[in-house]
Amino acid sequence: MTHLLPKNAIFSPSVARIAASTARDWNYVDSWLAAKYRSAFPGRDPPEFERTPETLKALHALASFDEAAGEDRDAIAAAEASSLEEVNAARDAPDKQLRDALLEAVEDSLTAEGAAALDVMSALAVSTGTALPSPIDLGHVIADLQGQSCEIQQMASRVDALLNYIRTEALPGVNSVLRGLEQDGYDHPTDLARQNLDSQRRIKTAASRLPAIQDQAAAAAATDLLRLEGVPSLARIMADENEYFQLLAVKKDLDAQLTIFQGLPTDMHLARAELDNLRTDLEKMRGERDETFESLVERETPRKPRQ
């Protein structure tokens, strides 16, 4: 029987109370540590430590102090919020009083017509659901409502006309047809069989002509397609335009080259003679240029004195 615990550990009430109190303290400390540790390190559990009475006492005191400090912080925050509300209320009170006094003064100074107009404007704003009404906005609303009213009146007049037509013309005809059908002596027309045969004959004739009509439609569509092929497309027009611009640039170049020959006679022989004369003059001018250049060179070249 040596494996059994001592009797005082099992049956002593004082030991049981101490153990229960210690367990409650450890639960309180563990909960506090877990909350603080997870707030600082999310997703992680507190590390293991030595669970001794001294550790329990220190941690329990620390947790109690932290809770007391938290309660103090909450009380301070609540007091600050309450003070802020009181300050805001005290600050807004003069503005509210001034606004109320100003509104009362304006209302007292209004004439009867002005008060009536203000009442009408406020009632109209409430009925139209306008939060910040102005005369222009209310005028737009009234114009829209008048337009809607006119449309509704027109629709109502159309409905009345349709109802009158139904009452005066449609219903009598329908009633007469119904009365004729409800009578016992009603009989179908005598030529109903002939009408049926004629209808079947027309249907067969139209069905036999349907392939020919389809061929004609296909031929007409092909003809229209061929006709449309001759119509220039947008791409073709753009290509022709680009080609025209290129030819225009070539023409400008040729015109620039022809300007050189302006002033020549239209006759080919005379123009050639004129060209020869111009060439002769050009050769003379070149000779004069060369002689002038040589004379300048000789004049500017220093000569060595003879010894």
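- An unreviewed UniProt entry annotates the chain as HAUS augmin-like complex subunit 1 of Ceratocystis fimbriata CBS 114723.
- The heading Subcellular location (unreviewed entry) in the UniProt record of the chain holds the text "Cytoplasm, Cytoskeleton, Spindle".
- Per UniProt, the chain carries the Sequence similarities (unreviewed entry) text "Belongs to the HAUS1 family."

## Focus: the overall build of the chain
Then step 1. Helix and strand counts for the chain come out as 8 helices and 0 strands.
Then step 2. Reading the chain from its N end, one meets helices and strands in the order α-α-α-α-α-α-α-α.
Then step 3. The proportion of buried residues among the 307 residues of the chain is 5%.
Then step 4. A separation of at least 24 residues holds for 36% of the contacts in the chain among residues at least 6 apart in sequence.

## Side note on helix α4 (residues 112-128)
Then step 1. With 17 residues, α4 extends 24 Å from end C-alpha to end C-alpha; this agrees with the ideal 24 Å at 1.5 Å per step.
Then step 2. Phi for G129, located one or two positions after α4, is positive at around 75 degrees.

## Side note on the confidence of the model for the chain
Then step 1. For the chain, the average pLDDT comes to 78, and 85% of its residues sit at 70 or higher.
Then step 2. Across residues 1-10, confidence stays below pLDDT 50; counting only partners more than four residues off in sequence or on other chains, it has 3 contacts.

## Some details on a negative patch on the surface
Then step 1. Among the surface-exposed residues, D100, E104, E107, D108 and D119 lie close enough to one another that they form a single negatively charged patch.
Then step 2. It is helix α3 (residues 53-109) that contributes the most residues to the negative patch, 4 residues altogether.
Then step 3. The topology assignment puts E104 in helix α3.

## Here's the deal with the pattern of salt bridges
Then step 1. In total, this model carries 6 salt bridges according to the counting rule given.
Then step 2. We note a salt bridge from R194 to D198, for which the minimum N-O separation is 3.5 Å. Pair noted here: R194 and D198 are both in helix α6 (residues 192-229), with a separation of 4 residues, about one helical turn.
Then step 3. Its relative accessible area of 22% is what places D198 among the partly exposed residues.
Then step 4. With a shortest N-O distance of 3.5 Å, R289 and D290 are connected by a salt bridge.
Then step 5. With relative accessibility at 37%, the residue D290 sits in the partly exposed group.

Rules behind the numbers
- Residues numbered from 1 in each chain as written.
- Predicted model: local features only at pLDDT ≥ 70, side-chain atom pairs only at ≥ 80, totals over all residues.
- Heavy atoms only, no water.
- UniProt positions renumbered as here; feature names shortened; annotations may be inferred.
- Helix = DSSP H or I, 4+ residues; strand = E, 2+ residues; numbered from the N terminus.
- Buried < 20%, exposed > 50% of the residue type's maximum accessible area, 1.4 Å probe, protein only.
- Contact = heavy atoms within 4.5 Å.
- Expected span 1.5 Å × (residues − 1).
- pLDDT = per-residue confidence, 0-100.
- Patch = residues over 30% accessible without salt bridge, like charges linked within 9 Å, V, L, I, M, F, W, Y side chains within 5 Å.
- Areas by Shrake-Rupley, 256 points an atom, 1.4 Å probe, with all protein chains shown as cover.
- Salt bridge = Lys/Arg side-chain N within 4 Å of Asp/Glu carboxyl O.
- Lys, Arg positive; Asp, Glu negative; His and termini not counted.
- Charge placed at Lys NZ, Arg CZ, Asp CG, Glu CD.

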